[in-house]
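Summary of structural features
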Amino acid sequence: MSTIAIIALIAGTGIAQEGPRGDHGPKDRTHVREGKGRDMMADIPDLTEAQKKSLQEIKKSGKEGAKSQREAVKAVRNKLADLKTSTNPNINEINSLIDEMHKLEAEMDKSRMAAFLKMRSVLTAEQLKVFDAKQAEKRAEREKRKKENMQIREAK
């Protein structure tokens, strides 16, 4: 009887350690936990207080603007979801909402780019080298995670 209990205990802990994501284990979110990419200002050499303040203001105004833009896109997506599942979906209305959604997304992209360029204008040439290198590193990490996620999806 005790042998059966021990086997059940060992099997149970083996299953519990596998976790909810099966063979893939828990999703690696160390880039978020460790704060990578969270505070790029910490990596930029010789930032003056004026530069730090300016960069913080640019980030803050960008986040505030992005929030309202995201809410507008979400509202259009919700309308689109309701419309396409309605009894008699109107293709002209659907197309109009798609156009509106893409217009809002383009405005978001333009706002993001304006903030990015504004941040760059605050930095010196030497600081820009570090900033650009960090941007390239972040882009490579995103591509790597995207590729890994695609491989996981394809394996399923």
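Before reading further, recall that the structure is shown in the block above.
Right, let's walk through the structure included here. (Residues numbered from 1 in each chain as written. Predicted model: local features only at pLDDT ≥ 70, side-chain atom pairs only at ≥ 80, totals over all residues. Heavy atoms only, no water.)

**Regarding helix α3 (residues 49-84)**
What counts, and what does not: Strands here are runs of E lasting at least two residues and helices are runs of H or I lasting at least four, both read from the DSSP assignment and numbered beginning at the N terminus. Given the number of residues in a helix, its expected span is that number minus one, multiplied by 1.5 Å. For this analysis, residues touch if any pair of their heavy atoms sits within 4.5 Å.
Over its 36 residues, α3 runs 52 Å from end to end, which matches the ideal 52 Å to within 8%, given 1.5 Å per residue. Buried positions along α3 lie against α4 (91-122) and α5 (125-155).

**Quick word on the pattern of salt bridges**
Worth spelling out the cut-off: Within this document, salt bridges are pairs made up of a side-chain nitrogen of Lys or Arg and a carboxyl oxygen of Asp or Glu, the two lying within 4 Å of each other.
All told, the structure shown has seven salt bridges when counted by the stated rule. Here Arg120 and Asp132 are joined by a salt bridge, their closest N and O atoms 2.3 Å apart. Of the two residues, Arg120 is situated in helix α4 and Asp132 in helix α5; the sequence distance between them amounts to 12 residues. Residue Glu126 is joined to Lys129 by a salt bridge in which the shortest nitrogen-to-oxygen separation is 3.9 Å. Residue Glu126 and its partner Lys129 are located together in helix α5, separated by three residues, close to a single helical turn. One continuous salt-bridge network, built from bridges that share partners, spans Asp43, Lys134 and Glu137.

**Concerning the environment of Asp43**
Selection criterion: Nitrogen and oxygen atoms within 3.5 Å of one another constitute a polar contact, given that in protein one can donate a hydrogen and the other can accept it, and given that sequence-neighbouring residues count only through two side-chain atoms.
With respect to the secondary-structure elements, Asp43 resides in the loop between α2 (30-33) and α3. For the pair formed by Asp43 and Phe131, sequence separation is 88 residues and the distance between their alpha carbons is 8.0 Å. Beyond its immediate sequence surroundings of up to four residues, Asp43 is in contact with Val130 and Lys134. Here Lys134 takes part through its side chain, which lies 3.4 Å from a polar atom of the side chain of Asp43.

These figures capture arrangement, not role.
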